[in-house]
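Examining the three-dimensional arrangement
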Amino acid sequence: MFLLHRMASSSHPLFTSSLRLPSNPATSSSLLFNPISKQFYDRKFRSFYLFNKPQYHRFSSWPAAVATDPGIAIENNASDDVPKLEEKVVLPTNESSQTLLRIRHTCAHVMAMAVQKVFPDAKVTIGPWIEHGFYYDFDIESLTDKDLKRIKKEMDRIIGRNLPLVREEVTRDEAQKRITDINEPYKLEILDGIKEEPITIYHIGNEWWDLCAGPHVETTGVINRRAVQLESVAGAYWRGDVNKPMLQRIYGTAWENEEQLKAYLHFKEEAKRRDHRRLGQDLDLFSIQDDAGGGLVFWHPKGAVVRHIIEDLWKKIHTKSGYDLLYTPHVAKADLWSISGHLDFYRENMYDQMKIEEELYQLRPMNCPYHILIYKRKPHSYRDFPIRVAELGTVYRYELSGSLHGLFRVRGFTQDDAHIFCLEDQIKDEIKGVLDLTEQMLLQFGFEKYEVNLSTKPEKAVGDDDIWVKATGALKEALNDKGWTYEVDEGGGAFYGPKIDLKIEDALGRKWQCSTIQVDFNLPQRFDITYIDSNSERKRPIMIHRAVLGSLERFFGVLIEHYAGDFPLWLSPIQARILPVTDRQLEYCNEITEKMKASGIRAELCTGERLPKLIRNAEKQKIPLMAVVGPKEVETQSVTVRSRFGGELGTMDVHDFIDRINNAVETRTFV
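The text that follows walks through the structure, step by step, so that each part is easy to find. This structure is a prediction, so every number in the text was calculated from the model and none was measured. (Residues numbered from 1 in each chain as written. Predicted model: local features only at pLDDT ≥ 70, side-chain atom pairs only at ≥ 80, totals over all residues. Heavy atoms only, no water.)

**Things to note about the overall build of the chain**
Assigned secondary structure in the chain consists of 19 helices and 32 strands. Going through the 671 residues of the chain one by one, you find that 54% of them count as buried. (Helix = DSSP H or I, 4+ residues; strand = E, 2+ residues; numbered from the N terminus. Buried < 20%, exposed > 50% of the residue type's maximum accessible area, 1.4 Å probe, protein only.)

Below, the structure is given as C-alpha cells:
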C-alpha cells in the first residue's frame, strides 16, 4: 500500500500532507534526497484522502509525493492551512483484487448486452478489463453523451436483475454455428484466432452470451451500480488496422464501492488539472503547430530554458561518469539501415526514403548505427575498454496522427542515448555504473520511486546460450548489488539481448516508462565490430544500449504533470519577477533586474498594470518569487519578497535576496 501524501509543487484541494517535514529548508532537502535503495516496493494499493471542504494551500517546491517507508511516522495533526482529514480510501488494483478484476470484466459484458438492447443492430467485438475499468468496441453509428446515459440506465437494470453468469464449453463447430446464427462477423474472426479447445462461452442469464475465457462474478447483482460510470467514447480501428472498419469504443470505470469511485474521480480530476498539453499552453512552454505538422514540437523560450537546464545537467553528469559526448547526422544512406536490420524489422516506424544524387537516404529512427560507425573508425585493443559514448540525438518515428498525444507521442524527439562497448567480464560493473548514474539523474528531479523489470531470453534470439546466461546473470548481480527490488519477465527480453526497464513514479502514483538498459549481441555481429585481445586475436565486444530520461520531450511532459507546472526554483524558467508599485520605481527595478541577471538568476521586470493584477498574473504563471518595489524599497535599496511556496518573506537587501536565491538553487531548496 502507499499513501499519496503530498502533490508535487502545487496546491490541490483534495490531497495534502500528513507527513511532518522539517521546517529547515536544508533539512527538508536532505530528506528528499536520501538514498532510496531500501524504498522500492511492489505497489498493490493506492490510498487517497478525501475532504468535504477543499482549501488551497502551498508548500515546498519539491514533491515529497509518496511515503512508503514503514519507519516514517505518519501524523494527523495537520497545520491550520491544511484541510482536516475526513477519510482515507484505499484503491485496489486488478493485480491486488480478483474481485475488482471480475467486476470490471463482467461490466464489459453487461455494457455490451446493454448496447445491443438499446441499439439492436450494433455488432460486438472485444471488451477487456483495463487499469482503471473496462472498454468494449462496437460496430455502430457514432455515439453521444446522451447515448451513454441510455446505455448506463440499461446496465443498471441488468445489474438490478441479479442475472447469473454461466460458463459453457462448446466445440469449435458449435461456436461457429451459434455466432453465424446471430450474425456477429467480428466474433467469427475472434474465434479463428482462438487456438485452445474447448471453446468457452459466458452467458448472462439466458439473454446474452459472448466468447470468453473469464473470469467473472457469479451474478450481475454483485456489481454496485453506483460504483460504475461510463466515461467516454473514442474511435478505434478494428485490430488497430487503419484499413479496417472504424469502431466505437466505450470506456467505463468500475470499483468495488462508491467511495473508491469517488476517490478515482478525484484522482482523474487532478490528472486533468496537471495535463501537460493545457499547462504547456497556459505557461507558454511549447506548442505543436498545425502549419508544420502533427507530432513536431516547438520549444518556446520558457520551455527551451528548462530543456537547456536539463541538457546541461545531463552533460555534466555524463562527462563526470566517463562518457564522451557525440553529435551525429540526422540522415544516413539507406544501406546503413539495411546493415543494422532496421529496414527488415522496423520499417513501419520509419519515414520514406529520399533520393539524393541517385543514392537513397533515410531519416534516422535511432542513433545506434552512428555510434558503431564512430567505434569502427579505428582499431581497438582490449586495453581501450570500456568505451562509453553518449548523445542527445534527435530521431524520427512514423506515427499515425490518431496516436499522437502532446509530448508523450510525437514524430520527432531527442533521445538521451548512450552506448557502452565493453568486455564480457565488464558487463556487471558497467550495468551497475548505469544504475548509479540513472539514480543520480532522476533524483535531481525528485523521482525516487521506481518499478524495475528484468527481461530474459525470448524463444527466438541471437547469441549463444552461454553469453545470454552470463549477461543475464550480470544484470541480476548489478541489481542485487544496488539493493533494488525487481520483477523478472521470463522470455520478455529483446531478441538481441536481456534488458532492464525502469518506470518512474510521479506525484499521482502513475508510472512512466523512462530508463532502459539493453545488452546487444546482434549489432556488433551485423557491423562486424572487433577488438584485439591479450592473445592478439580478434574478438567481438559487448554492446550496451542505455537511456536514462528516454526522450527529452516525453520527460518534459512528465515533469510538467509531476510538478503541475510549479517547477522547483532551480528548474523554473523564470525564477523571480520584479513588480513596481508605480512607474516611478522603474529605474530602480531595472537596476535590480540587471543585477540579478548578472548573478545568473532568471529574472524579469513586469509592469503596465496595477500591482494586484501584476501579482495575480505572476501567480497564474507560477513564478516562484516576486520582488515588490515601492518608494520605501527605492529609498532603502531593498525589495519586499513574496514566495509562491513560502508566502510573505518581508523586506530584504537586494544582495541578500540574490544570495538567498543562489543558495536555494545550489542546494535544491526554496526561498
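**Notes on the packing of helix H4 (residues 172-181) against helix H5 (residues 185-193)**
Relative orientation of the contacting elements H4 and H5 amounts to 165 degrees, with a least axis distance of 9 Å. One element, H4, and the other, H5, form an angle in the roughly antiparallel class. The way H4 lies across H5 gives a crossing that is left-handed. From H4, Arg172, Ala175, Gln176, Ile179 and Thr180 reach across to H5, where they touch Lys187, Leu188 and Leu191. Residues belonging to the contact of H4 with H5 are distributed by class as follows: 4 nonpolar, 2 polar and 2 charged. (Axes fitted to C-alpha atoms, helices over the stretch in contact; angles between N-to-C directions. Parallel < 35°, antiparallel > 145°, perpendicular 65-115°, else oblique. Left-handed = near helix turned anticlockwise from the far one by under 90°. Contact = heavy atoms within 4.5 Å. Nonpolar A, V, L, I, M, F, W, Y, C, P; charged D, E, K, R; others polar.)

**Looking at the sheet that holds strand S15 (residues 324-325)**
Ordered in space as S15-S19-S20-S27-S24-S23-S21-S22, the 8 strands form an open sheet in which the pairing is mixed. With one partner strand each, in any of the chains shown, S15 and strand S22 (487-489) form the two edges of the open sheet. Note that strand S23 (residues 499-505) and strand S24 (residues 511-520) share 7 bridges and pair antiparallel. Residue pairing for S24: Lys503 is matched across the bridge by Gln513. Across the sheet, helix H13 (residues 465-482) is in contact with strand S21 (450-455), S23, S24 and strand S27 (542-551); its angle to S21 comes to roughly 160 degrees. (Pairing = 2+ DSSP bridges.)

**Some words on the nonpolar core**
Residues Phe445, Ile504 and Leu571 are the most contacted members of the largest nonpolar core, which totals 66 residues. No other element matches the 8 residues that helix H12 (residues 427-443) contributes to this core. Ignoring any residue separated from it by four or fewer positions in sequence, one finds Ile504 in contact with Leu442, Phe447, Lys449, Tyr450, Arg510, Lys511, Trp512, Cys514, Phe555 and Val558. Core analysis: the next-biggest nonpolar cluster, separate from the first, contains 33 residues, Met113, Ile140, Ile151 and Ile204 among them. (Core = buried A, V, L, I, M, F, W, Y, C linked by side-chain atoms within 4.5 Å.)

**Section: helix H3 (residues 145-160)**
With 16 residues, H3 ought to run about 22 Å at 1.5 Å a step, and its terminal C-alpha atoms sit 23 Å apart, in line with that. Residues of H3 that are buried include every one of Asp147, Leu148, Ile151, Lys152, Glu154, Met155, Ile158 and Ile159, and no others. End-on view of H3: buried residues confined to an arc of 165 degrees, all on one side of the axis. Exposed side chains of H3 directed beyond 90 degrees from the buried face belong to Lys146, Lys149, Lys153 and Gly160. Buried positions along H3 lie against helix H2 (98-118), strand S7 (133-139), strand S9 (199-204), strand S11 (228-237) and strand S12 (246-254). (Expected span 1.5 Å × (residues − 1). Arc of directions from axis to C-beta.)

**A closer look at the packing of H12 against H13**
The N-to-C vectors of H12 and H13 enclose an angle of 45 degrees; their axes lie 8 Å apart at closest approach. Judged by the inter-axis angle, H12 sits oblique to H13. For the pair H12 and H13, the sense of crossing is right-handed. The residues of H13 that touch H12, namely those facing Ile427, Lys428, Ile431, Lys432, Leu435, Asp436 and Glu439, are Ala471, Ala474, Leu475, Glu477, Ala478, Leu479, Asp481 and Lys482.

**With respect to the sheet that holds strand S17 (residues 354-356)**
Strand order in the open sheet made by the 3 strands is S16-S18-S17, with antiparallel pairing throughout. With one partner strand each, in any of the chains shown, strand S16 (331-333) and S17 form the two edges of the open sheet. Taking each pair of neighbouring strands and ignoring which way they run, the sheet shows an average axis angle of 40 degrees. Across 3 bridges, S16 lies against strand S18 (residues 359-363) in antiparallel orientation. When the sheet's bridge partners are listed, Lys333 is paired in S18 with Tyr361.

**Regarding the packing of aromatic side chains**
Here the structure, examined in full by the defined rule, presents 20 aromatic pairs. Aromatic side chains Tyr450 and Trp484 sit 5.6 Å apart centroid to centroid with 65 degrees between the ring planes, which places their arrangement in the edge-to-face category. With Tyr450 in strand S21 and Trp484 in the loop between H13 and S22, the pair connects residues that are 34 residues apart, well separated along the chain. Judged by its relative accessible area of 4%, Tyr450 falls in the buried class. Feature note: the residues Trp299, Phe556, Tyr563 and Phe567 constitute an aromatic cluster, connected by ring pairs. (Phe/Tyr/Trp six-rings, centres within 6.5 Å; stacked < 30°, edge-to-face > 60°.)

**Considering the environment of Lys244**
Of note, Lys244 is situated in the loop between S11 and S12. Under the relative-accessibility criterion, Lys244 is labelled partly exposed at 31%. With residues up to four places along the chain from it excluded, the contact list for Lys244 reads Glu189, Tyr237, Trp238 and Arg239.

**Looking at the side chain of Asp520**
In this structure, Asp520 sits in strand S24. Salt bridges are absent for the buried Asp520, whose nearest opposite-charge side chain, Arg526, sits at 8.1 Å. Polar side-chain contacts of Asp520 include one of 2.6 Å to the backbone nitrogen of Asn522. For Asp520, the contacting residues outside a window of four places in its chain are Tyr496, Met543 and His545. (Lys, Arg positive; Asp, Glu negative; His and termini not counted. Salt bridge = Lys/Arg side-chain N within 4 Å of Asp/Glu carboxyl O. Polar contact = N/O pair within 3.5 Å; in protein donor to acceptor, adjacent residues only side chain to side chain.)

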